[in-house]
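Fold and geometry: a report
Spelled out from the first residue to the last, the chains are:
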Amino acid sequence: EAQVTQNPRYLITVTGKKLTVTCSQNMNHEYMSWYRQDPGLGLRQIYYSMNVEVTDKGDVPEGYKVSRKEKRNFPLILESPSPNQTSLYFCASSFRGTSGGASSYNEQFFGPGTRLTVL
Amino acid sequence: QQQVKQSPQSLIVQKGGISIINCAYENTAFDYFPWYQQFPGKGPALLIAIRPDVSEKKEGRFTISFNKSAKQFSLHIMDSQPGDSATYFCAASRGAAGNFNKFYFGSGTKLNVKP
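These remarks concern the structure in this document. Because the structure is a prediction, the values reported are computed rather than measured. (Residues numbered from 1 in each chain as written. Chains lettered and ligands numbered in written order. Predicted model: local features only at pLDDT ≥ 70, side-chain atom pairs only at ≥ 80, totals over all residues. Heavy atoms only, no water.)

1. Re the overall build of chain B
Note the threshold: Numbering goes from the N terminus for both helices and strands, where a helix is a DSSP run of H or I of at least four residues and a strand is a run of E of at least two. Atoms considered for the radius of gyration are the C-alpha atoms alone. The globule rule reads 2.2 Å times the number of residues to the power 0.38.
The helix and strand inventory of chain B stands at zero helices and 11 strands. For chain B, the sequential pattern of α-helices and β-strands runs β-β-β-β-β-β-β-β-β-β-β. In terms of overall dimensions, chain B is globule-like: its C-alpha atoms have a radius of gyration of 14 Å, near the 13 Å expected for 115 residues. The principal-axis extents of the C-alpha atoms in chain B amount to approximately 45 × 30 × 25 Å.

If you want it as structure tokens, here you go:
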């Protein structure tokens, strides 16, 4: 089954304790992204990756790190979590499009989400 | 500064009625406008999408209306059903410009369809 998986699904931690949220996709997608979802703010992009070893900042990258050493995996790292990072996190993946034309518009497939609470 | 503004924040519709959710954007470089549907405890899933070269796209009971001059687009759900109760997000991106993975989402609309 084609899917994006995230682990853990729920996490409660304390301020300053490093954590990693894993994301994996089995669709051979080039693009992967991390979003956070907060009430009234919708989904905001944290980081994205266009391929292995190629990553770039989204709109809210502060306090987060990512790496893309393998095509299928895109972990999100919080080296020193703070309470303002309490949120619902989603990983997403999609195929890479070509320049212009219908194929440049690609559906993003989202994981089930990780609810993080930082005390 | 929010790139895509969505309204209303919540919506209650009777079964069989029409649900309408509106979005507005500022960046005329956007050229792909998807709508995502999210059920509680799940990740968003693509519902329907439109490109600015057409003014309307219909898939079953779901229709996107697009007004390029006003920089607005909306989702219409005809014959709304209780199973449509979910949170809906509009989004925009600049696919043709090469930055295929940069999406801007609206703040979401929680739809409740009453039986």
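2. Digging into the sheet that holds strand E8 (residues 72-77) of chain B
Residues and elements named next belong to chain B. Here is the rule we go by: Pairing between strands requires that DSSP locate at least two bridges from one strand to the other. The axes are straight lines fitted to the C-alpha atoms, using for helices just the contacting stretch, and the angles between their N-to-C directions are given from 0 to 180°.
The antiparallel open sheet is built from five strands, whose spatial order is E1-E3-E8-E7-E6. For this open sheet the edge positions go to strand E1 (4-7) and strand E6 (56-59), each flanked by a neighbour on one side alone. Averaged over all neighbouring strand pairs, the angle between strand axes comes to 15°, with direction disregarded. Of the pairings in the sheet, the one linking E1 to strand E3 (residues 19-25) comprises four bridges and is antiparallel in character. Bridge pairing in E3 places lysine 5 opposite alanine 24.

3. Considerations on the nonpolar core
What counts is decided by this rule: Only buried Ala, Val, Leu, Ile, Met, Phe, Trp, Tyr and Cys residues count toward a nonpolar core, and they belong to the same one when joined by side-chain atoms within 4.5 Å. Residue exposure (1.4 Å probe, protein chains only): buried if accessible area is under 20% of the type maximum, exposed if over 50%, otherwise partly exposed.
If you look at the biggest cluster of nonpolar residues, it comprises 25 residues, and the most contacted ones within it are B:Phe33, B:Trp35, B:Phe73, B:Leu75 and B:Tyr88. Elements with a minimum of two residues in this core: strand E2 (10-14), E3, strand E4 (33-38), strand E5 (45-50), strand E7 (62-67), E8, strand E9 (86-93) and strand E11 (109-114) of chain B.

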